[in-house]
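Geometric and topological summary
Listed below are the residues making up each chain.
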Amino acid sequence: MAEPGKHHIAIPVESSDQHTILPVTVVTGLQPGPVLLVIAGIHGSEYAPIVAGQRFGMALDFRTLTGTVMIVHMANLPAYLGRTVYTSPADGLNLNREFPGNAQGSLSQRIAYTLTSKLYPLADAVLDVHSGDGNEDLRPYWTGYYARAGSADVIKRSKSLAFAFGMQHVVPFGWELGKSANAIWAGSAAVAMGIPSIDVEAGGSGVVDAQAVKVLTEGFNRTLSHLGMIRQRFPSPTGQRIIFDRQSVKSPLSGSWVSLKAAGETVMAGELLGYVTDWHGRTVFEARSPKDGLLMLRLSAPPVSQGETLVVVGSTKSHAGDAP
């Protein structure tokens, strides 16, 4: 681990014909303690986490910090510079489907490998920070943890991280990984390695959402407080809710999407949420809500490819303190 202080470094990632870097800020306190890894920019057009991570890193004072914070500002710099959604222009892959990575693979696969081989083993906790991508509207903001993957201790500590971050909504993921090769997402790869980890979602639609940046920055500091890395204390969140039974509607064909609802709205089963037209503007598919619930995510831009998610609807319930 680095000497006490603030260090801005660039970790090289090379493939046979391409290269990139991982811009990382490492802040090491005067006293030893936990190591927190914050990862932003897994998807290049998810801007709020990137900006929040930069501001968080600039504001951190190593003199008042116990332990170490590592902030990966743009995990997917090729996608960030290419202004792409979901995939990297370097190899056409979605980095968040390539974990734990491949040392001999394409650039995205090598980025994932660099993260899991060089940074994850140093970490005591991982925050995998996202927003709606450049073509997505996401509300409400939420944190998520793997409620059925990893040891009981990792699940317990991940759950504590998810609620301590302070967002109003928390999603317990129901996926079971089975083996590490199934841990294809950045957060699940950490869990498969025995590291408590949460996903964080705030902001979207390809803009720097000022409110999302504020919420994320506070959440980072709440996490430091929760881990005993700073002396600052925050009031306990109240009225937190659990999101469960998320269901999505996907487009059966490529075309143009017309959305009729905004993320964050309450919708009813069967309600028309939008429709897909062909290239001439003729309606070819109606997207109706699969259930009563909260519209958590909607595609906000017209272009849609066959199989892409148009909307996600989830149910919510009050957090009872010991709920999953």
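Structural data are supplied above this passage.
For the structure given in this document, a descriptive report is provided here. Remember, predicted model here, so these are calculated numbers, not experimental data.

Attention shifts here to the nonpolar core. With 48 residues, the main nonpolar core has Leu-216, Phe-220 and Leu-224 as its most contacted residues. With five residues, helix α6 (residues 210-226) is the single largest residue contributor to this core. The residues touching Leu-216, leaving out its near neighbours within four places in the chain, are Ala-48, Pro-49, Ala-52, Val-129, Phe-165, Met-167, Val-200 and Ala-202. Among the nonpolar cores identified, the runner-up in size contains 26 residues, and Val-13, Leu-107, Leu-115 and Tyr-120 belong to it.

Moving on: the pattern of salt bridges. If you walk through the whole model with that rule in mind, you get eleven salt bridges. Of the charged contacts in the structure, one is a salt bridge between Asp-209 and Arg-139, with a shortest N-O distance of 3.3 Å. Linking Asp-209 in the loop between β9 (197-201) and α6 with Arg-139 in the loop between β6 (136-138) and β7 (142-146), this pair joins segments that are 70 residues apart in sequence. The partner of Asp-153 in a salt bridge is Arg-157, and the shortest N-O contact between them spans 3.1 Å. Linking Asp-153 with Arg-157, this pair stays in helix α4 (residues 152-164), spanning four residues, or about one helical turn. What makes Asp-153 partly exposed here is its relative accessible area of 42%. Each of Lys-261, Glu-265 and Glu-271 takes part in salt bridges that share partners, so that together they form one network.

A word on the pairing of strand β5 (residues 125-130). Across the six residues that make up β5, a large majority, six, are buried. Relative to β5, strand β3 (residues 31-39) is paired through four bridges, and the arrangement is parallel. Considered in β5, the bridge of Val-38 is made with Leu-127. As paired elements, β5 and β9 share five bridges and run parallel to each other. Within β9, the residue paired with Val-126 across the bridge is Ser-197.

Before going further, it helps to examine the side chain of Glu-201. Within the fold, Glu-201 resides in strand β9. The side chain of Glu-201 sits in the buried core without any salt bridge; Arg-246 is the nearest counter-charge, 7.1 Å away. Beyond its immediate stretch of four places on either side in the chain, Glu-201 contacts His-130, Ser-131, Gly-132, Leu-138, Tyr-141, Trp-142 and Met-167.

All told, the structure shown has nine aromatic pairs when counted by the stated rule. Relative to Trp-175, the ring of Tyr-146 lies with its centre 6.2 Å away and its plane at 50°, an arrangement referred to as tilted. Of the two residues, Tyr-146 is situated in strand β7 and Trp-175 in the loop between β8 (169-173) and α5 (186-192); the sequence distance between them amounts to 29 residues. Feature note: the residues Trp-142, Tyr-146, Phe-173, Trp-175 and Trp-185 constitute an aromatic cluster, connected by ring pairs. Above the face of the Phe-244 ring, Lys-291 is positioned so that its terminal group lies 6.0 Å from the ring centre. One Lys or Arg, Lys-317, reaches over the ring of Phe-244 and ends 5.1 Å from the middle of that ring.

About the criteria used
Residues numbered from 1 in each chain as written. Predicted model: local features only at pLDDT ≥ 70, side-chain atom pairs only at ≥ 80, totals over all residues. Heavy atoms only, no water. Core = buried A, V, L, I, M, F, W, Y, C linked by side-chain atoms within 4.5 Å. Buried < 20%, exposed > 50% of the residue type's maximum accessible area, 1.4 Å probe, protein only. Helix = DSSP H or I, 4+ residues; strand = E, 2+ residues; numbered from the N terminus. Contact = heavy atoms within 4.5 Å. Salt bridge = Lys/Arg side-chain N within 4 Å of Asp/Glu carboxyl O. Pairing = 2+ DSSP bridges. Lys, Arg positive; Asp, Glu negative; His and termini not counted. Phe/Tyr/Trp six-rings, centres within 6.5 Å; stacked < 30°, edge-to-face > 60°. Lys NZ or Arg CZ within 6 Å of the ring centre and 35° of its normal.

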